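Report on the structure
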Amino acid sequence: MNNVILIGRLTRDPELRYTAGTGIAMCRFTLAVDRGLSRDKKMEMEQKGQPTADFIGCIAWGKTAELVANYLSKGRQVAIQGRIQTSSYEGQDGNRVYRTDVVAERVEFIGSSPSAGQGMNTGFNQVNNYNQNAGFNQDISDDNFGLGDDAFPLNDEDIPF
């Protein structure tokens, strides 16, 4: 099973491009994902100049790519669900370059935009799902990555405490 769920902030504005032959939209962006350290450990690592977050390359395709490029910008917090994909190519110096990306199949805009003003709607959440075989589906959701309220039905016996 190859499934990834990340929550992080964009490190820069997304880069939208279109494939040469077919004109399919492709968008690259990088997420800064906190490592979940305790406050003391985080302060200790920051004092030593060590990273407290991982910077993860992501890619979106099709309509999802266009929506990411149009609605997201540097500093915006998002949740993504997708899969890890590895690839390689020959670099300019002739050496083989290896790359690992998360292919974002679902993107949820969470939190508020860092540049959002007082009068702007900062609670905008949108889940996007692009599947090359099924096409583009768009849902509006507040949580659960668009799975709905009954996605994980629980009763009292399921809860261990």
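Report on the accompanying structure. Here the structure is a predicted model, which means the values were calculated and not measured.

1. Looking at the overall build of the protein chain
In terms of helices and strands, the protein chain carries 2 helices and 8 strands. For the protein chain, the sequential pattern of α-helices and β-strands runs β-β-β-α-β-α-β-β-β-β. With 161 residues in all, the protein chain has 30% of them scored as buried. For the protein chain, restricting intrachain contacts to residue pairs at least 6 apart in sequence, the fraction spanning at least 24 positions comes to 58%.

2. A closer look at the state of the cysteines
The full count for this structure, using the stated rule, is 0 disulfides. Unpaired in terms of disulfides, cysteine 27 finds its nearest cysteine sulfur in cysteine 58, a separation of 9.9 Å. Owing to a relative accessible area of 1%, cysteine 58 belongs among the buried residues under this scheme.

3. Quick look at the environment of threonine 11
With respect to the element layout, threonine 11 can be found in the loop between strand 1 (4–10) and strand 2 (15–18). The residues touching threonine 11, leaving out its near neighbours within four places in the chain, are Thr30, Leu31, Ala32, Phe55 and Lys74.

4. Here's the deal with the side chain of threonine 30
For threonine 30, the location among the structural elements is in strand 3 (residues 25–34). Setting aside its immediate chain neighbours within four residues, threonine 30 contacts Arg9, Leu10, Thr11, Arg12, Phe55, Ile56 and Gly57.

5. Let's talk about the packing of aromatic side chains
As enumerated under the stated definition, the model contains 1 aromatic pair in all. Measuring from centroid to centroid gives 6.4 Å for tyrosine 71 and phenylalanine 109, while their planes differ by 40°, and the two rings are tilted. With tyrosine 71 in helix 2 (residues 62–71) and phenylalanine 109 in strand 6 (residues 96–109), this residue pair connects regions lying 38 residues apart in the sequence. Owing to a relative accessible area of 0%, phenylalanine 109 belongs among the buried residues under this scheme.

6. Observations regarding the pairing of strand 1
On a regular strand, one side chain projects to one face of the sheet and the next to the other, so that they alternate. Direction of pairing for strand 1 relative to strand 5 (residues 77–90): antiparallel, over a ladder of 6 bridges. Of the residues in strand 5, the one forming a bridge with isoleucine 5 is glutamine 81. Relative to strand 3, strand 1 runs antiparallel, the two being bridged by 2 bridges. What sits directly across from arginine 9, in strand 3, is alanine 32.

What counts as what
- Residues numbered from 1 in each chain as written.
- Predicted model: local features only at pLDDT ≥ 70, side-chain atom pairs only at ≥ 80, totals over all residues.
- Heavy atoms only, no water.
- Helix = DSSP H or I, 4+ residues; strand = E, 2+ residues; numbered from the N terminus.
- Buried < 20%, exposed > 50% of the residue type's maximum accessible area, 1.4 Å probe, protein only.
- Contact = heavy atoms within 4.5 Å.
- Disulfide = S-S within 2.5 Å.
- Phe/Tyr/Trp six-rings, centres within 6.5 Å; stacked < 30°, edge-to-face > 60°.
- Pairing = 2+ DSSP bridges.

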